[in-house]
Amino acid sequence: MAQFIQQIINGLNVGSIYALIALGYTMVYGIVKLINFAHGDILMIGAYFGFFALATFNVPFGLALVVSMILCALVGMTIDRLAYKPLRNAPRISALITALGMSMLLQNLFRLLFGAQPRRMPAVIELQRIEIAPGIAISNLAIITILLSVGLMLLLEFIVKKTKTGKAMRAVSEDKSAAKLMGVNVDKTISITFAIGSALGAVGGLLYAINYYQVEPYMGMMPGLKAFVAAVLGGIGVIPGAMLGGFAIGLIETLTKGYISTTWADAFVFGILIIVLIFKPAGILGKNTREKV
Amino acid sequence: MSLLKTEHIGMTFGGLKAVSDFSIEVKENELVGLIGPNGAGKTTIFNMLTGVYAPTEGKVILGETVVNGKKPYQIVNLGLGRTFQNIRLFKELSVIDNIKIAFHKDMSYNTLSAVFRGKKFWKEEKEIDIKARDLLSLFNMEEDAKVLSSNLPYGKQRKLEICRALATNPKLLLLDEPAAGMNPQETKELMETIAFIREKFKVSILLIEHDMSLVMGICERIVVIDYGKVIAAGTPDEIKSNEKVIGAYLGQ
Amino acid sequence: MDKKVISGYIKNITAIMVVYAIVFYLIQIKVINNYYNGILILAGIYIIVAASLNLATGYLGQLALGHAGFMAIGAYTAALFAIAVDLPKYVELIAGLILGGVMAGIFGLIIGIPALRLRGDYLGIVTLGFGEIIRIALLNLSFTGGAAGLKGIPRYVNFTEIYFLVVLVIAFLFAFIRSRHGRAILSIKEDEIAAESVGIPTTFYKVYGFVVSAFIAGVGGGALGFYQRILDPKKFNFMFSVEFFIIVVLGGMGSITGTILAALALAFINEFLYSIDELRLVFYALTLIVLMIFKSDGLLGRKEFSLIRLLNRFGKKTKIENAD
């Protein structure tokens, strides 16, 4: 029993990171109907920015986090402007291929700039294990990870539901041309969406790097893919769905590792994706839509 | 005999009733118009008839078959052809390929025959080529056979779409705003084309249209809907003087 | 069959045999040494797999990102079969390739049915996930040799075998595309709703096209095993799938000859730029993005390149010039 609870705690820890990343996928999909393959690499970039801030400039963790968020927001907006915006009305497959190319570009550009060797992430905080009950412990890092993620998700929920920007985002995702007619600045709203999604991705990336102690150019791929599975599982385009999906994937992954097999855990996650798409393609919280004729 | 009959069909999207209690009957050799203000649910009705949407209520009967829940291509095989409000051609394919695709169901050679270029392949391909060219020449488009369909002028694109629907050999043809975007001269030509189609192909036509001169000029019977419900039905003259119809159009 | 068709066949077959004879002779007299011969064989395998991907992406219009997975299935199936049985070389080769293709096709069916019912972009993710599952499975299963790879595969593929396999696959694809089945597949890429409204069973043709594509990728994988004699599961990763994708996009989505040219070019570029791998990949990535923005159907688009047409045109020109 103690072991099971321990696994749940670990699952919530990774799950919160997946949820943060999944939000970026879901927000961008919701607003421009594009699977942004490069989002996984945004988290890698976020981790690198954090790494340099922490290791090279020795700034405190909080500041490193904010700097990394801001820089990633800029990167996200730039990517959208340069690569995705020209293809807004192009066939979907062109935009998807561009996103794929962007992902490759970021990975290999970083590899070119900083080498393929993983770099060791400095210890941000002194790791402490807090024993909750006999055999069950939670690290202070896990607490920070979970609290930070949940806090940011609540903040996002607030922005989307209560602010003018959030209202514009919802309007654009509902109907771009109608939103434009109602005076919403569509391009600006899309930019903001990319910025917010990328900033959340940066936090996810930095936390991921701290939890696994390293940064490397291809680190974004696997968590990016899993976060995407999380977004689909929760219902792509639905913000609470991404959170739910993220935690679910985190739990499934840790429990598979703990009770079934470490090596097959990733295969399991993708297996779930395929099963979800067979039985509930719109995801847990998603709605079914049909193309307008 | 009735070709198409609907019994109280309705369509609900989420909580919104787009169409409710819609009943219509189209007989052989009839030309029926379906009119109504924007957003009245006309295209939704077409989508229900053609299987794009499954009606949430009621029955759609083609000939003697209930087609609720059937796929669009199965409904095509039962003799229902259609065009779209915003022309949907295979843009990057040639005019003749657009037509040949619509003859797909008339061919039966399998993949092996296709790959080894068997006797059946050549026979059927030759037949289809002749049929497609004949069909195009009926509409004076044989010269355009090799042209990319997206390079055709607008009026010809509309015509090609009708032509493509006819290639599926329909008993009933549904035309969704065939005159949309046309000038009066083109509309007049379209009316002649429609008359020609009825004569030549012996098909019944159900059409959605906003151009009243066209609707009043060629339809034998008109059904008017508003807010997803039938508000009037009758001959053009009856419709012209119907108060409900005037009200719906003037927004009363 | 009319005369024009027959003369076309004769011209094509002659051209194929002439090219074969020239390259074969160059290999014999060592103008093409073993190193370049190896690159040519790999290029042949790239052509097969990229052409199969072009069927799924260029013609059918579906984003498929897991062709390395289908290749791996074909490669392992064919190799395990050849190791297990003891039959004459060509029987093992042909049966192995067919078995590999069939197995890949079965997997294509299993993931194609659920994924192709959905909107296009999901297929990309499902195939990507599928490719990863296959890679992980091959790394962890014992009968495939696990992470150490599968060794002891007989070498059944050399230049001659791969050349005629490529000819076979390309001829098949051309014939398939230029038939009612091919037209149905093209119509789906153009406009799925319109296709269904003129009587095309779209779901059937999406699955069918995808399964055929998986089958050919499996055959290509089988050939890879019979050439390399050893299979390393780590090779069949996402980047490998993406390389085929780049070939398709470069050559033109919907152009088989474009795929052939791009595969040949990339096989050689890959070899020469191997030492500066990251620069190569940055270059590919930039190419993809720039192409999509400025010429979204790839370099050649849907145009087919024809040597015979080129020769004909050239011949006509000289005739006219001579007449002058």
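Residues numbered from 1 in each chain as written. Chains lettered and ligands numbered in written order. Predicted model: local features only at pLDDT ≥ 70, side-chain atom pairs only at ≥ 80, totals over all residues.

Asker: So what about the overall build of chain B? Which residues, and what values?
Answerer: When helices and strands are counted, chain B shows 10 helices and 10 strands. Expressed as a percentage of the 252 residues in chain B, the buried residues total 44%. Of the contacts formed within chain B by residues at least 6 apart in sequence, a portion of 66% connects residues at least 24 apart. (Helix = DSSP H or I, 4+ residues; strand = E, 2+ residues; numbered from the N terminus. Buried ≥ 20, exposed ≤ 12 C-beta atoms within 10 Å, placed from the backbone. Contact = placed C-beta atoms within 7 Å.)

Asker: Got a sec to walk through the pairing of strand β4 (residues 57-62) of chain B? Specific residues and values, please.
Answerer: The two faces of the sheet receive side chains in turn, since in a regular strand these alternate between them. Residue and element names in this part refer to chain B. Pairing analysis gives 5 bridges linking strand β1 (residues 2-13) to β4, with the strands arranged antiparallel. Residue pairing across strands places L4 opposite L62, the latter belonging to β4. Taking the residues that link successive antiparallel strands as the turn, the β4-strand β5 (residues 65-66) hairpin has 2 residues, and the phi of G63 there is positive, at about 60°. (Pairing = 2+ DSSP bridges.)

Asker: Residue-level account of the sheet that holds strand β2 (residues 16-27) of chain B, with values.
Answerer: Residue and element names in this part refer to chain B. Ordered by their spatial adjacency, 4 strands build an open sheet running β2-β1-β4-β5, and the pairing between neighbours is antiparallel. In the strand order of this sheet, the two ends are held by β2 and β5, each with one partner. Relative to β5, β4 is paired through 2 bridges, and the arrangement is antiparallel. In the strand pairing of β5, L62 is matched with T65. Sheet strands in contact with helix α1 (residues 42-49) are β1, β2 and β4, and its direction is about 65° off that of β2. (Axes fitted to C-alpha atoms, helices over the stretch in contact; angles between N-to-C directions.)

Asker: Describe the interface of chain C and chain B, with residues and values.
Answerer: Contacts between the two partners involve 21 residues from chain C and, on the opposite side, 26 residues from chain B. Contributions of two or more residues to the side of chain C that touches chain B are made by α6 (159-177), α7 (180-190) and α8 (192-197) of chain C. Looking at which element gives the most residues to the side of chain C that touches chain B, the answer is α7(C), with 7 residues. Residue classes in the side of chain C that touches chain B are distributed as 11 nonpolar, 5 polar and 5 charged. (Nonpolar A, V, L, I, M, F, W, Y, C, P; charged D, E, K, R; others polar.)

Asker: I'd love a proper account of the sheet that holds strand β6 (residues 80-82) of chain B, names of residues and values included.
Answerer: All names here are of chain B. Taken together, 6 strands build an open sheet; the order of strands is β6-β7-β8-β3-β9-β10 and the sheet is mixed. Here the strands that pair on one side only, and so sit at the sheet edges, are β6 and β10 (229-234). Looking at each pair of strands side by side, their axes are set apart by 20° on average, direction ignored. Along the sheet, α1 makes contact with β3 (31-35), β6, β7 (172-176), β8 (204-208) and β9 (221-226), crossing β7 at roughly 150°.

Asker: How would you summarise helix α11 (residues 265-279) of chain A if you had to cite specific residues and measurements?
Answerer: With 15 residues, α11(A) should reach 21 Å at 1.5 Å per residue; the first-to-last C-alpha distance of 21 Å fits that figure. Within α11(A), burial applies to D266(A), A267(A), V269(A), F270(A), I272(A), L273(A), V276(A) and L277(A). (Expected span 1.5 Å × (residues − 1).)

Asker: I'd like a rundown of the packing of helix α6 (residues 164-174) of chain A against helix α8 (residues 186-212) of chain A, residues and numbers included.
Answerer: Residue and element names in this part refer to chain A. Across the interface, α6 lies against α8 with an axial gap of 10 Å and an inter-helix angle of 105°. For the element pair α6 / α8, the angle class is roughly perpendicular. Residues T165, A168, M169 and V172 of α6 form the contact with α8, whose participating residues are V186, T189, I190, I192 and T193. Residue classes in the contact of α6 with α8 are distributed as 6 nonpolar, 3 polar and no charged. (Parallel < 35°, antiparallel > 145°, perpendicular 65-115°, else oblique.)

Asker: Break down the environment of L147(A) for me, with residues and values.
Answerer: Residues and elements named next belong to chain A. Residue placement: L147 occurs in helix α5 (residues 140-162). Residue L147 is classed as exposed on the basis of its C-beta count, with 11 C-beta atoms lying within 10 Å. Note: C-alpha distance between L147 and A168 (21 residues apart in sequence) is 28 Å.

Asker: Residues and numbers for the interface of chain A and chain C, please.
Answerer: On the chain C side, the residues contacting the 35 residues of chain A number 33 residues. Contributions of two or more residues to the side of chain A that touches chain C are made by α4 (92-114) and α11 of chain A. For the side of chain A that touches chain C, the residue count by class is 25 nonpolar, 6 polar and 4 charged.

Asker: Tell me about the packing of helix α3 (residues 95-102) of chain B against helix α5 (residues 119-138) of chain B, and please be specific about residues and values.
Answerer: For any two helices packed against each other, the geometry is given by the interaxial angle and the distance between the axes. Residues and elements named next belong to chain B. Two numbers describe how α3 lies on α5: the axes approach to 9 Å, and their chain directions differ by 115°. In this structure, α3 crosses over α5, and the sense of that crossing is right-handed. When α3 is examined against α5, the residues V95, I96, I99 and K100 are found in contact with a partner set consisting of I128, A132, L135 and L136. Classifying every residue of the contact of α3 with α5 gives 7 nonpolar, no polar and 1 charged. (Left-handed = near helix turned anticlockwise from the far one by under 90°.)

Asker: Before we move on, could you go through the pairing of β3(B) and cite the residues and values that matter?
Answerer: Residue and element names in this part refer to chain B. Of all 5 residues that make up β3, 5 are buried, and the element is covered over most of its length. Residues of β3 alternate between two faces, with L31, G33 and I35 on one and V32 and L34 on the opposite face, all of them buried. Here β3 runs beside β8; their pairing, made up of 4 bridges, is parallel. For L34, the partnering residue across the bridge sits in β8 and is I208. Relative to β9, β3 is paired through 4 bridges, and the arrangement is parallel.

Asker: Residue-level account of unusual backbone geometry, with values.
Answerer: Residues and elements named next belong to chain B. A positive phi is found at N29, a non-glycine position, where the angle reads about 65°. Mapped onto the fold, N29 is located in the loop between β2 and β3. Although it is not a glycine, R117 adopts a positive phi angle of roughly 50°. The residue R117 is located in the loop between α4 (111-115) and α5 in this model.

Asker: Give a detailed account of the environment of V248(C), specifying residues and quantitative values.
Answerer: Residue and element names in this part refer to chain C. Following the sequence through the fold, V248 ends up in helix α10 (residues 238-251). A count of 29 C-beta atoms within 10 Å places V248 in the buried class. Expressed as a C-alpha distance, the spacing of V248 and R180, which sit 68 residues apart in the sequence, is 23 Å. Apart from residues no more than four positions distant in its own chain, V248 is found in contact with A50, L53, N54, T57, G58, M253 and T259.

Asker: Can you explain the nonpolar core? Please cite residues and give values.
Answerer: In terms of nonpolar packing, the biggest core is built from 276 residues, with V229(A), A230(A), I48(C) and A223(C) touching the most fellow members. In terms of residue count, the dominant contributor to this core is helix α1 (residues 2-32) of chain A (15 residues). The contact partners of A223(C), leaving out residues within four places of it in the chain, are I45(C), I48(C), L97(C), V157(C), I162(C) and L165(C). (Core = buried A, V, L, I, M, F, W, Y, C linked by C-beta atoms within 7 Å.)

Asker: Outline the confidence of the model for chain A, listing residues and values.
Answerer: The pLDDT averaged across chain A works out to 89; a share of 98% of its residues lies at or above 70. The spread of mean pLDDT over the elements of chain A runs between strand β2 (residues 129-133) of chain A, the lowest at 82, and helix α3 (residues 61-84) of chain A, the highest at 95. (pLDDT = per-residue confidence, 0-100.)

Asker: Tell me what's going on with the confidence of the model for chain B, and back it up with residues and numbers.
Answerer: Residues and elements named next belong to chain B. Looking at chain B as a whole, its pLDDT mean stands at 91, while 99% of the residues score no less than 70. Model confidence for chain B, summarised as mean pLDDT per element, is weakest for helix α10 (residues 243-250) at 80 and strongest for α3 at 96. The ipTM, which scores confidence in the relative placement of chains, is 0.91 for this predicted complex, and the corresponding pTM is 0.90.

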